[in-house]
Amino acid sequence: MDAWDRQTNDPDIENGLAGQRLAMRHLSWLLPTLLMAALALVRPNWPGQRASELDAWGFVLRPWHEVWPLLGNLETTSVPYYLGLRVWAEIFGSSDFALRLPAILAMVAATALLTRLGSDLLTPRVGFLAGILFAILPTTSRYAQEIGPQALSICFAVLATFILVRLFDRPSLAGTFGYGVTVVLLGLVSAPALALLAGHAVAVLTMRRRIFVSWLVAVLVSLVIAVGFLYLLRPPKLGFEWTSPVDLPEVTRLPQGLFGLALLAGIVVGLGLLSFSFRKPAVIFTTWAVGPVLVLYVCSQFVEVWDAEALLFTLPAWTLLVGTALLRAPVVRGVFTALLIALLAVSTQVDVRARDGHGQDDAQLAAVLAENLATGDVIVYGPGPDDERTGRDLVARYLPANLRPRDALMTRAPRTDGHLLAEECVDVAKCLGGAPRVWLLRVGPTEDVLAGLPAAKDGELRTRYVEERTWRPTGLTLTLFTLAPAAPPAKPATR
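What you see is a predicted model; the values in this text were computed from it and never measured.

**Q** Before we go on, may I ask you to explain a nonpolar patch on the surface in this structure?
**A** Together, M24, L27, L30, L31 and L34 give the surface a local cluster of nonpolar side chains, amounting to about 380 Å² of exposed area. Here M24 shows up in helix α1 (residues 11-40).

Here you go:
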């Protein structure tokens, strides 16, 4: 036994051990929390913003009188986060660090809460190991540095579970109210995360059946409030679309999506499965890890909700299951396992902090444009709405105004007059005006740079311009076209 678990009948020794256990209990949550904070603050500004981040950045820059008309074009489930981020940006600014700070704080809070949860339900050693593992997972660092609601959904999922466990021992109206408020917040930042309630239902029925009625009332009231609030903000669309059913091969790719590395996923899931149980208290972790996956899989047969990002809130449950499995092993073995996982995660931890760590190398594209820009250059964007919106946001975010090619086709700026997308010129040839050089920016890797372009853009670029060079930064394709030399006049026919 170690100082966390050791007991004796000698009062003096017991008093000393009590002090050690208290110190260990504090360290069990403090050290993982500090580790999470330290990792989250390593190069948070380096990764370029991916499409969803650029969209959020573009939204928070709009003045309030232009924000409200835009809400009608957003998915209902994203409106609360966007509004909250707009208020945050009003206070703290719109730099990458400022907009990623809510995710950093949420992930640090989630680490502290899950370590306390493991300590309360089992021992401080379980909480400590689970917290360390959670902090060193690459996906934890990745989404701690993301402009998005993923870290908030993780934090609220842990908080809801933490409050529920407290209700098991000390049922109270205040605790039930706090649980309900947390469920509302969870639903507002991520509707799929409400699948956690299925796991909570099983845990309540297994561990404290006598509070099931009060729990159910709190859940139903919270759901009514969350759905009502979302409906008031954006009635017509909840962001779900009918889709083809998710197949099993896609389900088997979930662990890698959750943990960031196939080998790492195998170790975590393998150890976690050793602790699967529907007995107290492991039932809480088991139903949290598996229940939402089953619920979303069933729902995904009808609507489009299946996504690894939507299930990130199950990560704490897996780390707690691993901590439970290692409880039966000597301390040295637990530390060795944590070190092994840390070593496996090092390369991915470095990768997620690279310039293209979020899937787009925005800085490289901006550097290419800045270094090769010439007087009279214009830029056009790829065929789809994502190309236009993400491309324009990228150029606006990473290039100063004096180093941007002229947006030749834009007749109305994006996010104005209640429209998310820019309005483009119909007469492409007239708007290009015979520009000597045209840049074409597309989102995603593309071999045939003209494939899928509308006929007006395709025809003009294919017939009047020559492809000079193409750059392919991660997640993007940038091509420079130059005006083709005019054909020499035809010689008159000789008799």
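**Q** Can you help me understand the side chain of R353 in this one?
**A** When you line up the elements, R353 lands in the loop between α17 (331-351) and α18 (362-372). Look at R353: it is buried, it has no salt bridge, and the nearest opposite charge is D351 at 9.6 Å. Sequence-distant contacts of R353, defined by excluding residues within four places in its chain, comprise L39, A40, V42, R43, W46, P47, S141 and Q145.

**Q** Even after reading the chapter, I still don't get the packing of aromatic side chains, so can you show me in this structure?
**A** Each aromatic ring pair is specified by the distance between its two centres and by the angle formed by the two planes. What the rule picks out here adds up to nine aromatic pairs. Each ring, one from F59 and one from Y82, has its centre 5.0 Å from the other, and the planes form 65 degrees; the classification is edge-to-face. One end of the pair, F59, is in helix α2 (residues 51-60); the other, Y82, is in helix α4 (residues 79-92), with 23 residues separating them in the sequence. Assessed through its relative accessible area of 1%, F59 is described here as buried. Given a relative accessible area of 10%, Y82 falls into the buried group. Here the aromatic cluster, defined as three or more aromatic residues joined through ring pairs, consists of F59, Y81 and Y82. Of note, R355 hangs over the ring of W46, and the distance from its end group to the ring centre comes to 4.4 Å. When the ring centre of Y398 is taken as origin, the NZ or CZ atom of R397, which lies over that ring, is 4.8 Å away.

**Q** What should I look at first to understand helix α16 (residues 315-327) in this one?
**A** Because the α-helix completes a turn every 3.6 residues, residues three or four places apart line up on one side. The end-to-end C-alpha separation of α16 is 19 Å, in line with the 18 Å expected for 13 residues at 1.5 Å each. If you check which residues of α16 are buried, you get L315, P316, A317, W318, T319, L320, L321, V322, G323, T324, A325 and L326.

**Q** What exactly am I supposed to notice about the pairing of strand β5 (residues 437-443) here?
**A** On any regular strand, side chains alternate: one points to one face of the sheet, the next to the other face. Burial within β5 is extensive, with six of its seven residues counted as buried. Where strand β1 (residues 378-381) lies against β5, four bridges are found, and the strand directions are parallel. Paired with V380 across the two strands is L440, which belongs to β5. Of the pairings in the sheet, the one linking β5 to strand β7 (residues 476-483) comprises seven bridges and is antiparallel in character. Across the sheet, the residue bridging to V443 is L476, located in β7.

Basis of the calculations
- Counting from 1, residues in each chain are numbered in the order their sequence is written.
- Owing to the predicted nature of the model, reporting of local features is limited to residues with pLDDT of at least 70; listing and counting of side-chain atom pairs is limited to 80 or more, with chain, interface and lining totals taken over all residues.
- Excluded from the side-chain calculations are hydrogens and water; all other atoms, namely the structure's heavy atoms, are used.
- Like charges are joined within 9 Å and nonpolar side chains (Val, Leu, Ile, Met, Phe, Trp, Tyr) within 5 Å, but only among residues with over 30% relative accessible area and no salt bridge; these make up the patches.
- Calculation of accessible area relied on Shrake-Rupley with a 1.4 Å probe; when residues are assessed, cover is drawn exclusively from the protein chains displayed.
- Take a side-chain nitrogen of Lys or Arg and a carboxyl oxygen of Asp or Glu: if they are within 4 Å of each other, that pair is a salt bridge.
- Elements are defined by DSSP. Helices are runs of H or I of four residues or more, strands are runs of E of two residues or more, and each kind is numbered from the N terminus.
- Here's how the labels work: a residue is buried when its accessible area is under 20% of the maximum for its type, exposed when over 50%, partly exposed in between, all with a 1.4 Å probe on protein chains only.
- The convention is simple: Lys and Arg are positive, Asp and Glu are negative, and His and the chain ends are not counted.
- In this analysis, two residues are considered to be in contact whenever any of their non-hydrogen atoms come within 4.5 Å of each other.
- The pairing test for Phe, Tyr and Trp rings, Trp by its six-membered ring, is centres within 6.5 Å, and the orientation test on the planes gives stacked under 30 degrees, edge-to-face over 60, and tilted for anything in between.
- Ring-over charges, as used throughout, are those where CZ of Arg or NZ of Lys falls within 6 Å of the ring centre and within 35 degrees of the ring normal.
- The length a helix should cover is 1.5 Å for every residue beyond the first.
- Two strands qualify as a pair provided DSSP detects at least 2 bridges between them.

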